[in-house]
Every structure is written in structure tokens, then in C-alpha cells.
Amino acid sequence: MTPGPMQNTDTDSHTTGRCNACSSFDERIADESKCACEVGRNLKALCVDIGPRFAGTEGYRCAADVMLDRFKSYGLVDAHLEGFEFTAWRRGKPASLSFIKPTPNTFECYALPYSAPTGSGGLHGRIVDVGKGLAEELDSHKDALAGNIALTLGTGRHRHDVYEHSVALGAAGLIICNTTPGGAFRTGSVTNATPGAIPCVSLGREAGQLVKGLAHKVPDTEFVLTTDCGYEPATTWNVVGELVGNEYPDELVVIGGHLDSHEIGPGAYDNAAGAVMVMEVARLLARCHLHLKRTVRFIGFAGEEIGLVGSAYHAKAHEAQLTRIRTLCNCDMPPVSGPWSLNFYGCHDEESRRRYTHALGQQMGLTLDYKTFHHEHSDHAAFVRRGVPAFALGGGREGLTTGGTCHMAGDTADHIPVKGLCEASAVAARVLLRTVNDELWPDRHSNP
Ligand SMILES: [Zn+2]
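Residues numbered from 1 in each chain as written. Predicted model: local features only at pLDDT ≥ 70, side-chain atom pairs only at ≥ 80, totals over all residues. Heavy atoms only, no water.

This part is about the coordination of the zinc ion. Around the zinc ion, the protein supplies His258 (NE2), Asp270 (OD), Asp332 (OD) and Asp332 (OD) as donor atoms, at distances of 1.9 to 2.8 Å. Coordination at the zinc ion is irregular, judged from the four donor atoms that bind it and the angles of 50 to 153° they form at the metal. Read N to C, the donor residues that coordinate the zinc ion are spaced as H-x11-D-x61-D. Here histidine 258, found in strand E11 (residues 248-258), pairs with aspartate 270, found in helix H9 (residues 268-286); they are 12 residues apart in sequence, far enough to count as distant. (Donors = N, O, S within 2.8 Å, 3.2 Å for Na, K, Ca; no water. Tetrahedral: all angles 85-135°; square planar, octahedral: opposite > 155°, others 65-115°. Helix = DSSP H or I, 4+ residues; strand = E, 2+ residues; numbered from the N terminus.)

Another point: the confidence of the model for the protein chain. Of all residues in the protein chain, 94% attain a pLDDT of 70 or more, and the chain-wide mean is 92. When the criterion is pLDDT under 50, residues 1-17 qualifies, and its contacts beyond four places in sequence or with other chains add up to 38 contacts. (pLDDT = per-residue confidence, 0-100. Contact = heavy atoms within 4.5 Å.)

Further remarks concern the nonpolar core. Within the largest apolar cluster, 120 residues are counted, with the highest numbers of intra-cluster contacts made by Leu46, Phe71, Leu285 and Phe298. Considering every element that reaches this core, the biggest residue donor is H9, with 13 residues. Each of domain 1 (13-88 + 233-437) and domain 2 (93-227) contributes no fewer than three residues to this core. Discounting residues that sit within four places of it in the chain, phenylalanine 71 has contacts with Leu76, Ala79, Val239, Val240, Gly241, Val278, Met279, Ala282 and Phe298. Listed in part, the 16 residues of the second largest apolar core include Ile299, Leu328, Phe373 and Val384. (Core = buried A, V, L, I, M, F, W, Y, C linked by side-chain atoms within 4.5 Å. Buried < 20%, exposed > 50% of the residue type's maximum accessible area, 1.4 Å probe, protein only. Domains from an automatic or database assignment.)

Moving on: the sheet that holds strand E4 (residues 123-125). The mixed open sheet is built from eight strands, whose spatial order is E4-E9-E2-E3-E8-E7-E6-E5. This sheet does not close on itself; its edge strands, each paired only once, are E4 and strand E5 (127-129). Neighbour to neighbour, the strand axes of the sheet diverge by 30° on average, direction disregarded. Across four bridges, the pairing between strand E6 (residues 149-152) and strand E7 (residues 173-177) is parallel. When the sheet's bridge partners are listed, alanine 150 is paired in E7 with leucine 174. Together, E6, E7 and strand E8 (200-203) form the strand contacts of helix H7 (residues 159-168), whose direction differs from that of E7 by roughly 150°. (Pairing = 2+ DSSP bridges. Axes fitted to C-alpha atoms, helices over the stretch in contact; angles between N-to-C directions.)

This brings us to the pattern of salt bridges. Summed over the entire model, instances satisfying the criterion amount to 19 salt bridges. We note a salt bridge from aspartate 69 to arginine 70, for which the minimum N-O separation is 3.0 Å. Residue aspartate 69 is classed as partly exposed on the basis of its relative accessible area, which comes to 41%. Owing to a relative accessible area of 7%, arginine 70 belongs among the buried residues under this scheme. (Salt bridge = Lys/Arg side-chain N within 4 Å of Asp/Glu carboxyl O.)

Next up on the list: unusual backbone geometry. For the bond running from lysine 101 to proline 102, omega is 0°, close enough to zero to count as cis. Mapped onto the elements of the fold, proline 102 is located in the loop between strand E2 (95-99) and strand E3 (105-111). Here the amide bond leading from aspartate 270 into asparagine 271 is cis, since omega sits at 5°, within 30 degrees of zero. In this fold, asparagine 271 is placed in helix H9.

Our next topic: the sheet that holds E11. The mixed open sheet is built from eight strands, whose spatial order is E1-E10-E12-E11-E13-E16-E14-E15. The open sheet is flanked by strand E1 (77-91) and strand E15 (368-373), the only strands paired with a single partner. Across the sheet, the axes of successive neighbouring strands diverge by a mean angle of 25°, strand direction being ignored. For strand E10 (residues 229-243) and strand E12 (residues 294-301), the ladder comprises five bridges, and the chain directions are antiparallel.

A few words now on helix H8 (residues 205-217). With 13 residues, H8 ought to run about 18 Å at 1.5 Å a step, and its terminal C-alpha atoms sit 18 Å apart, in line with that. Buried within H8 we find Ala207, Gly208, Val211, Leu214 and Ala215. Projected down its long axis, H8 shows its buried positions confined to an angular sector of 130°, all on one face. Exposed and oriented more than 90 degrees from the buried face of H8 are Leu210, His216 and Lys217. (Expected span 1.5 Å × (residues − 1). Arc of directions from axis to C-beta.)

In this section: the state of the cysteines. Summed over all chains, the structure comprises zero disulfides. Looking at cysteine 200, it has no disulfide partner, and the nearest cysteine sulfur is the one in cysteine 109, 9.9 Å off. No disulfide involves cysteine 229; its sulfur sits 10 Å from that of cysteine 200, the nearest cysteine. (Disulfide = S-S within 2.5 Å.)

So, on to helix H4 (residues 58-73). Between the first and last C-alpha of H4 there are 23 Å, a value that for 16 residues agrees with the 22 Å anticipated at 1.5 Å per step. Here the buried face of H4 lies against helix H3 (37-50), E1, E10, H9 and E12. Count one or two residues on from H4 and you reach glycine 75, which has phi positive near 95°.

For proline 266, the position within the fold is in the loop between E11 and H9. Sequence spacing of proline 266 and valine 162 is 104 residues, and the spatial spacing of their C-alpha atoms is 26 Å. Sequence-distant contacts of proline 266, that is, excluding residues within four places in its chain, are made with Cys47, Gly51, Pro52, Arg53, Ser261, Ala409, Asp411 and Thr412.

Laid out in C-alpha cells, this is it:
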């Protein structure tokens, strides 16, 4: 662990009491965010006017244009699209799972992004029930899996891990059953935007139960899984804009959220909500530009859903700048109600972060809890791996009615409480203002 270049022990009004500039900004924010118009407009633009924003599709390109337009109209500097090449995955004909004995039946299923195609003849094999897909469950079926199709409820482990493990054990295919009732599919990429080794599909919960029952009752039943998909080189774009700091313009705070969704639906909560939050924070902070000591960079990340490719590209392309990034605030499935918290990635120097977080809450006149998180399945990962500290605004989900439809067609805008998202964006803007202006920021760069 090495101290970051911007850490010092100076104290100013931000660590000793109320800052007049921030307090007056708090009041302006409160006024400004009362009207939910812009948040509602942006949510509608992404989820209703455009809909799915899958990497490499026209829907994503339109969304990038919307975000770029907003960044420009809010007054961000150097707002631009940051393009890069990647391997796009293209869905072909609908996937299916069928069997002949004891009674012929065919279920529609849904090929998961970056899984391999089966070929037109389909993949023939027996179904091996591997429970929740935990490591020990897969290992215990090692012999049966070779050349056959693993079936999992998909609640035990991250899908990438289950997929990789199944491939390593010689499975010829993988079926992940949805746990949400109603026959719907749950999607999710199986690799980080590289061609997968075996076919993989989502099966609705009810069909999954039938198939699982049959696999136990008549274990030698042969199933045929058919999927159709392919890969091609394509371009996608991060959307980037800045508000330039007027004291230390070379020092940065980054706030980002992924703008892409899966192709199954409009991805309203995952993650139009986060992208809208980034736009709203940009709008609110642009109105107090004179108060920003450091530069704030706003990013709509591309291709998060297919393996975090946009944030990985940005972190690599701006490698030389990373030591000057004080922190990254990632907005992925953001809170829509209190009680609010700052959720820091990792946990070094826990005590100073906790004290800072509570002091910040006091200044802002709200309860701000200190929390940590450790997963690497969002856009903070590429930055954290290179030593940049990251956090997310945490909080409640009051009024959010998506009910676990993340990565499903049901993740639609009518489930998002617009007022709640406004309120969360205002809190994020007020926190970000302090991370930009406070001389003492408790998070340190770590040694990658
Ligand atoms: Zn997400």
C-alpha cells in the first residue's frame, strides 16, 4: 500500500465544521432537485424511447448519443464518445431444449451472451443436476458431466464461475434455471466478452423443474440443446465529459455508471437508473462549477454487462492519469431512498473512513453510514485493480418494485421511483462535492 499523491493532513472547514460554499450548494441542490423533470426525462429516453442497449447494437449507440447530448447541454467540458473495438456477440434463432422419451417435449430457452453455438444439429446429451452450481457440487459430478449438460438453479455462485468450472470438468453444455416464477428468462454473459467454449442457456423456473424432475426419474433420457449465435468485431463507446477544477485541475474524481443493458429488456434499474444518476449529478454540479477545486470526470461506461469492457478500456487508456484519480464513485443499481451510506471497496484504514463518513453526514444533515463491499462484478474493478480507491452511494430501495427482475425483461422504468432517484442523485452530488473539495479524503491508493 502506498499513500496516494493527494493525501495530506491539512484540515480546513470541511474537516472542522461547515463550509459556507458547500452549505449554500446544499440549499441550491435541495431546490434544484425538487423538480424530477430531468431525471424522469432521461429515464424515459433510455428505457422507453430506446429500450434495450446491448453492446454493439443501434440501441446502445442511440443511448450514447442521448448521454452525450445531456453532457453537452449541462455544460460539461470536452464531452465526447470514447470509441474502442470489441468482440460483439450476436444472437441467432431462438434456442430450445427438447427430448423424445418418455413423451416428446420442447422448451424455449434463451442463449446467454458469449456462450458458444451448438450448431444446427444441436447438442445431444444427458442432463446432470448440479444443484446450485457450487464448486463441491460440480466436482462431485465430475464423471457424469463429461460430454453432458449441467443443469443448475444458478443461485449459488456467479455465473462466470459456474460456466468456467463446467467447461473445466468437460461438460458439453450448461443450463441455468431462473429462480423467479413466471417462465421468464434471466440473462447474463458467461465470459468477459471473449468467445465461450460451450453453449449455455437460461431456462424458465417451471420448465427447469420439469427437466430436473425428468433427469432424476429417467436419468438416461437424451436431451437436445440447440442454440444459434456468433461473434463479430464491432465498436462501442464510453461517454465522457468533465467539469474542470479551478485549483487542482489535474487531480480527478470520477463518477461513472454503465449505460448498456442486456438485450432482453430496457434494464431500467440495471442500469439506466445509475446512468441517469451520473447525468443528474453532472447537471447539479455544473450549476456550482466555481466551487469545484478538482476536476470531476463523468463517464457512461459501455459494455459492463458483457464483461466490464468499457471501464477496463478507460482505465487502461488513461493509465498514466490513474494516480491522480482521488476516487471513483460507481453508480450501478443505485439506492432510491435512505438511510444512506458510503460503501467503500475493500477495508484498509477503516477507522478514518468511518469517522470521515459520519462527519460528512453531520455536515449534510443526514445519517450517513459507513459500509464496505468486496465484489469485482462492476465497473470499479478495473480501477481498483490499478490502485484507485472506489466507493458507491448505498441506501434503501423504498418504492422500487422491480422485485428481483435484474437481467430480465421485467426490469422496466415503471418500477423506478423517479422522486427517489432524484433524491439519491442529490445526495450523491453533495457527497461528490465534498470528495472533490475536501483537503482530507480518507481513502488511499493501494499498491496494485
Ligand atoms: Zn449493472
